[in-house]
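These are the residues of each chain, in order.
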Amino acid sequence: MQRIRLRYTKRGRLRFTSHRDFQRAFERALRRAEVPMAYSAGFTPHPKVSYANAAPTGTGSEAEFLEIALTEARDPETLRVLLDESLPDGLDITDAVEARTSGLADRLTASVWELRLDGVTFEDAEKAVSAFLAADTVEVQRKTKNGIRTFDARSAVADLVADRPQARPQADRPLDNACAILRLVVRHVTPAVRPDDVLSGLRAVADLAPPVPAAVTRLAQGLFDEESGTVTDPLAPDREVVTAAPPTAAATASATAPGAGSA
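Since this is a predicted model, take the numbers as computed values, not measurements.

Novice: Tell me about the overall build of the chain, residues and numbers included.
Specialist: Within the chain one finds 6 helices and 11 strands. Taken over 263 residues, the chain has a buried fraction of 40%. Long-range contacts, defined as pairs at least 24 residues apart, comprise 76% of the intrachain contacts of the chain with a sequence gap of at least 6. For the chain, the accessible surface area stands at approximately 14,300 Å², while carbon and sulfur atoms represent 51% of it.

Novice: Just give me the short version of the packing of aromatic side chains, but keep the residues and values in it.
Specialist: Enumeration according to the criterion identifies 3 aromatic pairs in this entry. With 4.2 Å between their ring centres and 5 degrees between their planes, Y8 and F22 make a pair best called stacked. Residue Y8 is found in strand 1 (residues 2–10), and its partner F22 is found in helix 1 (residues 19–32); the two are separated by 14 residues along the sequence. For the ring pair F22 and Y51, a centre distance of 6.2 Å and an interplane angle of 85 degrees mean the geometry is edge-to-face. Remark: Y51 occurs in strand 2 (residues 49–52) and F22 occurs in helix 1; sequence separation between them is 29 residues. Pairwise contacts between aromatic rings join Y8, F22, F26 and Y51 into one cluster.

Novice: Describe the nonpolar core, listing the residues and the values that go with them.
Specialist: L115, L160, L182, L184, V198 and L202 are the most contacted members of the largest nonpolar core, which totals 29 residues. Looking at this core, the elements with two or more residues in it are strand 5 (110–118), helix 3 (122–134), strand 8 (157–163), strand 9 (179–187) and helix 4 (195–206). At 5 residues, the largest contribution of residues to this core is made by helix 3. Non-local contacts of L182, meaning those with residues more than four positions away in its chain, are made with W113, E114, L115, L117, A125, V129, L160, V161, A162 and L202.

Novice: Would you mind going over the confidence of the model for the chain in detail, with residue names and values included?
Specialist: Predicted confidence across the chain gives a mean pLDDT of 89, with 88% of residues reaching 70 or more. Scored below 50 in pLDDT, residues 248–263 makes 3 contacts in the model with residues more than four places away or belonging to other chains.

Novice: Please set out the pattern of salt bridges residue by residue, giving values where relevant.
Specialist: What the rule picks out here adds up to 18 salt bridges. We note a salt bridge from R142 to D197, for which the minimum N-O separation is 2.3 Å. Of this pair, R142 sits in strand 6 (residues 139–144) while D197 sits in helix 4, and the two are 55 residues apart along the sequence. According to the relative accessible area criterion, R142 is buried, its value standing at 15%. Classification of D197 as buried rests on a relative accessible area of 2%. Note that D196 and R194 form a salt bridge whose closest N and O atoms lie 3.3 Å from each other. Taking relative accessible area as the criterion, D196 reaches 37% and is therefore assigned partly exposed.

Novice: Go over the packing of helix 3 against helix 4 with me, naming the residues and quoting the values.
Specialist: It is the contact of helix 3 with helix 4, at a shortest axis distance of 9 Å, that shows an interaxial angle of 95 degrees. It follows from the interaxial angle that helix 3 and helix 4 lie roughly perpendicular. Contact with helix 3, carried on its side by A128, V129, A131 and F132, involves V198, G201, L202, V205 and A206 of helix 4 and no other residues of that element.

Novice: Requested: an account of unusual backbone geometry, with residues and values cited.
Specialist: In most cases, non-glycine residues show a negative phi, while peptide bonds are predominantly trans. The peptide bond linking T190 to P191 adopts the cis configuration, its omega dihedral lying at 0 degrees. Considering the arrangement of structural elements, one finds P191 in the loop between strand 9 and helix 4. For N53, which is not glycine, the phi dihedral falls at a positive 55 degrees. We note that D207 has phi near 55 degrees; this positive angle belongs to a residue other than glycine. Along the chain, the position of D207 falls in the loop between helix 4 and strand 10 (215–225). With relative accessibility at 64%, the residue D207 sits in the exposed group.

Novice: Give me the lowdown on the environment of S86, citing residues and values where you can.
Specialist: Of note, S86 is situated in helix 2 (residues 76–86). By relative accessible area, which is 15% here, S86 ends up buried. S86 sits 57 residues away from A29 along the chain, and the two C-alpha atoms are 4.9 Å apart. When near neighbours in sequence (up to four residues on either side) are disregarded, S86 contacts A29, R32 and A33.

Novice: Explain helix 3 to me, and be specific about the residues and the numbers.
Specialist: When the terminal C-alpha atoms of helix 3 are compared, their 18 Å separation across 13 residues agrees well with the 18 Å that a helix rising 1.5 Å per residue should span. Of the residues making up helix 3, those classed as buried are F122, A125, A128, V129 and F132. Each buried residue of helix 3 sits inside an arc of 125 degrees when the element is viewed along its axis, so together they form one side. Seen from the buried face of helix 3, the exposed residues on the opposite side, beyond 90 degrees, are K127 and A134. Buried-residue contacts for helix 3 involve strand 8, strand 9 and helix 4.

About the thresholds
Residues numbered from 1 in each chain as written. Predicted model: local features only at pLDDT ≥ 70, side-chain atom pairs only at ≥ 80, totals over all residues. Heavy atoms only, no water. Helix = DSSP H or I, 4+ residues; strand = E, 2+ residues; numbered from the N terminus. Buried < 20%, exposed > 50% of the residue type's maximum accessible area, 1.4 Å probe, protein only. Contact = heavy atoms within 4.5 Å. Areas by Shrake-Rupley, 256 points an atom, 1.4 Å probe, with all protein chains shown as cover. Phe/Tyr/Trp six-rings, centres within 6.5 Å; stacked < 30°, edge-to-face > 60°. Core = buried A, V, L, I, M, F, W, Y, C linked by side-chain atoms within 4.5 Å. pLDDT = per-residue confidence, 0-100. Salt bridge = Lys/Arg side-chain N within 4 Å of Asp/Glu carboxyl O. Axes fitted to C-alpha atoms, helices over the stretch in contact; angles between N-to-C directions. Parallel < 35°, antiparallel > 145°, perpendicular 65-115°, else oblique. Expected span 1.5 Å × (residues − 1). Arc of directions from axis to C-beta.

Now the structure itself:
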């Protein structure tokens, strides 16, 4: 059995698709691309697909990850192209690598988010960020299936900065003067702290309330490096194993065959 890890996006209007909607679209793409999927056992077999830490409905993402199991070996890049062509625009497969290591989910310990605040000036956003970071704790409330839950949104935030907007190809809204961008790095903790929780915290400590809902996009997701404060690529270890792997027997035989390398 071969395992392939994929990175995919949720862009534009497709950010409003739920995780279940994406699952259905992806399974249809697997059938269209004729991927030799491995299936679970039991009365209702399902293709072996493992989803890791999906973004909330309504948020865009450049860094979603999943893993599939195949019954026949396939080239990861060829498979990526076939699946990308079988999905609607906005749900794009941007990277693929053969799984050579374990624990993909364990390497997703933090996310980098971009929060676009229309109707908020950069100066107001900067003041609110300073107040949030200066606080020891910022208690917020979230409605759950078990009722209202209160928790600290500050401890999970590794970094939060305000910036002025810059045009990006996948931007969902046109730029205007009254707009601020927040760049947020948040650790994956329990209970999970989401971008909307940080926005609630900014409202609590600085009365920052954007007049329209924030446009939220996950830019990266991976292992958090405490020393540099960066989030690393979770697929990098698999690529490193492939790069460091010894040449195959076929490649060795070709290189050592009589006349190999002669002009």
